[in-house]
Amino acid sequence: MSLHQEFDSIASLRKALEARKISARELADSALSAIQARTDLNAFLHVDPALTQAQADVVDRLLAQDQAAPALAGVPIGHKDVFVTQGWRTTASSKMLGQYVSPFDATVVSRLQNAGAVCLGKLNCDEFAMGSGNENSAFGPVRNPWDTNAVPGGSSGGSAAAVAAGLIMAATGTDTGGSVRQPAALCGVSGIKPTYGTVSRYGMIAYGSSLDQAGPIARHARDLLELLDPMSGFDPRDATSLETCDEQANEPGRIRAQFDAAVQVQQAAGSQPLKGLRIGVPAEFFGAGLAPDVAAAVETALRQFEALGAQRVEISLPRTELSIPTYYVIAPAEASSNLSRYDGVRYGHRAAEYGDIQQMTSRSRTEGFGPEVLRRIMVGTYVLSHGYYDAYYLQAQRVRRLIVNDFQQAFSQHCDVIMGPVTPSVAKQIGENRDDPVADWLSDIYTLGVSLAGLPAMSIPCGFGGARGNLPIGLQLIGNYFSEGSLLALADQFQQHTDWHQRKPEHA
Ligand code: GLN
């Protein structure tokens, strides 16, 4: 067992470090052994004890000099393997980047390191973050710690599985169409995707640039706050990074201040801490495709929110179904453009044998990319090509605008937050969707609209389902732009009254 598991939050771990009850090095060493003991999960792709220990020793030296512990001092974390790291290899779970080592760190990586977090290694994911079950990794599927024959969700499956199994305290993930929320839901942990532009994309391997956003995965909302706050902030090296969020500077401290203010309001309200809060429940999130066990758990969670004083409002997001074709035109279009950089010339895999340069590029790409990535590139180039651009890509952009409008109408007229399921069902068995890639695409129905609109959203554990009742279910909380601090406070209120987030799988 990892030593950090003795602490129920990042804040309590920091206190123990400050009091010298434990050292960052001890924490790192125990996490390294725990990771070794759970290679069956295939959650980690690259570990390097020397690099990890060096980071832990820096934190211990700071503490020995009686300096105040930085917010994340000694916290064992891992990075999804789409964040470039100077030490560990960065592969995006692709053969294309099988041996790649970056000459620089992603902004998210350096910010978390500066805050004192200790990196235990790089986490398995779907190849180039394309997938919903982590079965598209060139390095094999990740297993769900709750049932090792089930998928952990994707694409940040290694991140969610490693946190759920207690190997690390928190992890980074990326969410293009649900990849933080969905694996968090299927592994029984919490995850948040902030408003698009809040967290820098510099050094985050691009998939769909207008959608990609990084977010943390951890056990509960308070730990998510500890990571998200220092991760966020304007970065001049990312052209899509925001300088201000609703007239407030986009900088560390903003989300924490909003969280603290929301908690104060809750406390002042006494026994009805959520009084006045209107929760929009979209009818389209409870249609025929939703499994009864997920519907029941979400319903119970909604009643818990009502018991805390919130008011439930039935709303409509009429284009929910359309978000699937819209996303699966826009995301592949952007992917086909982003992935054109892997040409076998500059970096990445190069075929061993070829005639001319064209053959070199096509062979390198055919050998380097897996089937799902090739499928996306084909779809993406098709919808962007002359003659089809207007019919598909432009049309998808128009529908995207209507989806944004639907959310804005809900927030301006009916509700303060939207809630519903994250996924239509609990985790599938590994291999179940093998012959049907579209089944995976359809399972993203409740998460894609949020990504198309660039809104913040999170997933928190709210129950269990499946044939044996041992597979986690997530509740989705969707907020208006720049409301991540309030969302976290809302989730925290729920977690003070429930213990789903404290449940652990066997062997964790
Ligand atoms: N399942 C979606 C896709 O494959 C979302 C993945 C993600 O958010 N990275 O594109």
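Residues numbered from 1 in each chain as written. Predicted model: local features only at pLDDT ≥ 70, side-chain atom pairs only at ≥ 80, totals over all residues. Heavy atoms only, no water.

1. Side note on the site of the ligand
What counts is decided by this rule: Neighbouring residues are identified by heavy atoms, a residue being near a molecule or strand if any of them is within 4 Å of it. In protein, a polar contact means a hydrogen-donor-capable atom and an acceptor-capable atom, both N or O and within 3.5 Å, with residues adjacent in sequence counting only if both atoms are side-chain atoms; elsewhere, any N or O pair within 3.5 Å suffices.
What surrounds the ligand is a group of 15 residues, the closest being G177, S179, Y207, Y327 and D444. Separating an oxygen atom of the ligand from a backbone N or O atom of G178 is a distance of 3.2 Å.

2. Some points on the side chain of N470
How we decide: Counting from the N terminus, the helices are the DSSP runs of H or I reaching at least four residues and the strands are the DSSP runs of E reaching at least two. It only takes one pair of heavy atoms within 4.5 Å for two residues to be counted as in contact.
If you trace the backbone, N470 turns up in the loop between β12 (457-465) and β13 (471-479). From its side chain, N470 meets the backbone oxygen of W146 in a polar contact 3.4 Å long. Ignoring anything within four residues of it in the chain, the contact list for N470 reads W146, D147, F464 and G465.

3. Here's the deal with the packing of helix α7 (residues 221-231) against helix α8 (residues 254-268)
Keep this limit in mind: In this analysis an axis means a line fitted to C-alpha atoms, helices contributing only their contacting stretch, and an angle means the value between N-to-C directions, from 0 to 180 degrees. Orientation is classified from the angle alone, with under 35 degrees giving roughly parallel, over 145 giving roughly antiparallel, 65 to 115 giving roughly perpendicular, and any other angle giving oblique. Ten residue types, Ala, Val, Leu, Ile, Met, Phe, Trp, Tyr, Cys and Pro, are classed as nonpolar, four, Asp, Glu, Lys and Arg, as charged, and the remainder, Gly among them, as polar.
Close contact between α7 and α8 brings their axes to 8 Å; oriented N to C, the two are set at 150°. Regarding the angle of α7 to α8, the classification is roughly antiparallel. Contacts from R222, L225, E226, L228 and D229 of α7 reach α8 at R254, I255, R256, F259 and V263. Of the residues assigned to the contact of α7 with α8, the class counts are five nonpolar, no polar and five charged.

4. As for the environment of S362
Mapped onto the secondary structure, S362 falls in helix α11 (residues 357-368). Placed eleven residues apart in sequence, S362 and A351 show a C-alpha to C-alpha distance of 8.9 Å.

5. Quick notes on unusual backbone geometry
Residues G154 and S155 are joined by a peptide bond in cis, for which omega reads 5°. With a phi angle near 60°, N42 is a residue other than glycine that sits in the positive phi range. With respect to the secondary-structure elements, N42 resides in the loop between α2 (24-37) and β1 (44-46).

Note that every value here comes from positions in space, so none of it alone points to a role or purpose.
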